[in-house]
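# Inside the fold
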Amino acid sequence: MTACPCGSGKSLDDCCGPLLAGAAASTAEALMRSRYTAYALGNVDYIAATHAPEAAEDFDRAGAEDMARKVRWKGLRIEATEAGGADDETGSVTFAARYSMGAGEQFHREISTFRKIDGRWFYVDGEVNPPVEQRHVEKIGRNDPCPCGSGKKYKKCCGA
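Attention in this report is confined to the structure presented alongside it. Residue numbering note: each chain is counted from 1, following its sequence as written. Given that this is a predicted model, residues contribute local features only at a pLDDT of at least 70 and side-chain atom pairs are listed and counted only at 80 or more, while totals for whole chains, interfaces and linings are drawn from all residues. Excluded from the side-chain calculation are hydrogens and water; included are all heavy atoms of the structure.

Moving on, we get to the overall build of the chain. For the chain, the helix and strand inventory stands at five helices and four strands. We count a stretch as a helix when DSSP gives it H or I for four or more residues in a row; a strand needs E for two or more, and each element gets its number in order from the N terminus. Mapped from its N terminus to its C terminus, the chain presents α and β elements in the order α-α-α-α-α-β-β-β-β. Here the globule rule is a power law, 2.2 Å times the number of residues to the power 0.38, and the radius of gyration is based on C-alpha atoms. Taking 2.2 N^0.38 as the reference for a compact globule, 160 residues should give roughly 15 Å; the C-alpha atoms of the chain span a radius of gyration of 21 Å, well beyond that estimate. Seen through its C-alpha atoms, the chain measures out along the principal axes to roughly 65 × 45 × 35 Å. Out of the 160 residues in the chain, the part that is buried amounts to 33%. Working rule for contacts: check all heavy atoms of both residues, and any pair within 4.5 Å makes them a contact. Look at the contacts in the chain between residues 6 or more apart in sequence, and 40% of them connect residues 24 or more apart. For every residue, the accessible area obtained with a 1.4 Å probe (protein chains only) is divided by the maximum for its type, and the residue is called buried under 20%, exposed over 50%, and partly exposed between those limits.

Let us now look at the layout of surface pockets. A pocket here means an open set of points on a 1 Å grid, computed over the protein atoms alone, that has protein on both sides within 12 Å along at least five of seven lines. A cavity is instead a set of points where a 1.4 Å probe fits but cannot get out; residues with an atom within 4 Å of a point line either one. Grid points are joined across faces, edges and corners, and a volume is the space filled by probe spheres set on the points. Taken as a whole, the largest pocket spans an internal volume of roughly 470 Å³. Along its surface, the largest pocket is lined by 23 residues, and Arg 35, Tyr 39, His 108, Glu 110 and Tyr 123 are the ones closest to its centre. Looking at the lining of the largest pocket, the elements with two or more residues in it are α2 (28-41), α4 (53-56), α5 (61-70), β2 (90-101), β3 (104-117) and β4 (120-128).

What follows concerns unusual backbone geometry. Trans is the prevailing form of peptide bonds, just as negative phi is the prevailing case for residues other than glycine. In this structure, Ala 83 is a non-glycine residue whose phi angle is positive, near 55 degrees. Within the fold, Ala 83 resides in strand β1 (residues 72-83). Located in the positive-phi region is Asp 118, a residue other than glycine, with phi close to 50 degrees. Relative to the assigned elements, Asp 118 resides in the loop between β3 and β4. What makes Asp 118 exposed here is its relative accessible area of 79%.

On the secondary structure map, Gly 126 appears in strand β4. Expressed as a C-alpha distance, the spacing of Gly 126 and Asp 144, which sit 18 residues apart in the sequence, is 46 Å. Contacts of Gly 126, omitting those with residues within four sequence positions, involve Glu 110, Ile 111 and Ser 112.

All right, on to the side chain of Arg 109 then. You can see Arg 109 is positioned in strand β3. Counted as a polar contact is a pair of N or O atoms within 3.5 Å, where, for protein atoms, one must be capable of donating a hydrogen and the other of accepting one, and residues adjacent in sequence contribute only when both atoms are in side chains. Side-chain polar atoms of Arg 109 contact the side chain of Glu 79, separated by 2.8 Å.

A few words now on the environment of Gly 141. Take Gly 141: it is sitting in the segment after β4. For Gly 141, a relative accessible area of 26% puts it in the partly exposed group. Sequence spacing of Gly 141 and Thr 90 is 51 residues, and the spatial spacing of their C-alpha atoms is 47 Å.

For Phe, Tyr and Trp, where Trp contributes only its six-membered ring, two rings pair if their centres lie within 6.5 Å, and the inter-plane angle classes them as stacked under 30 degrees, edge-to-face over 60, or tilted in between. Applying the stated rule across the entire model yields four aromatic pairs. Summarising the aromatic geometry, the rings of Trp 73 and Tyr 99 are spaced 5.1 Å apart at their centres and angled 50 degrees between planes, so their arrangement reads as tilted. Highlighted residues: Trp 73 in strand β1 and Tyr 99 in strand β2, separated in sequence by 26 residues. A relative accessible area of 17% means that Trp 73 is categorised as buried. Seen from their ring centres, Phe 114 and Tyr 123 are 5.9 Å apart, and the 70 degrees between their planes marks the pair as edge-to-face. When its relative accessible area of 1% is taken as the criterion, Phe 114 is described as buried. Residue classification places Tyr 123 among the buried positions, given a relative accessible area of 13%.

Quick look at the structure:
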């Protein structure tokens, strides 16, 4: 059993394999995962075929073939999905992909937009390296009141 490169934990035959063979993806995320798998396997024909008509004009086949020869894809993480379900017409998937090209490991982060045309999902475009929402955490001093509301100092309550 060959594990699917998309990281689903399923075999290639039970995950992205049928999509690469021509089956329609049921969701935008399934298409995104299959496109990652196609990049990992060097299946440039599939990548080209899954572009929406307006995106197909900008597809650089020679660049994709060159990338397939030079890049070793090492992992995919789906960070978020918005719409893109079986009953939706549009959707987006935010993902991060690890890869190596030469000696160093790199990351590709993107928000990909998808659209369903005649019952099949297609890649429309992507925002590469979108801003990451930063978490801000307020530091609690040892002698500050405990945020749990006990009335005690933090060091004598939750900080103990």
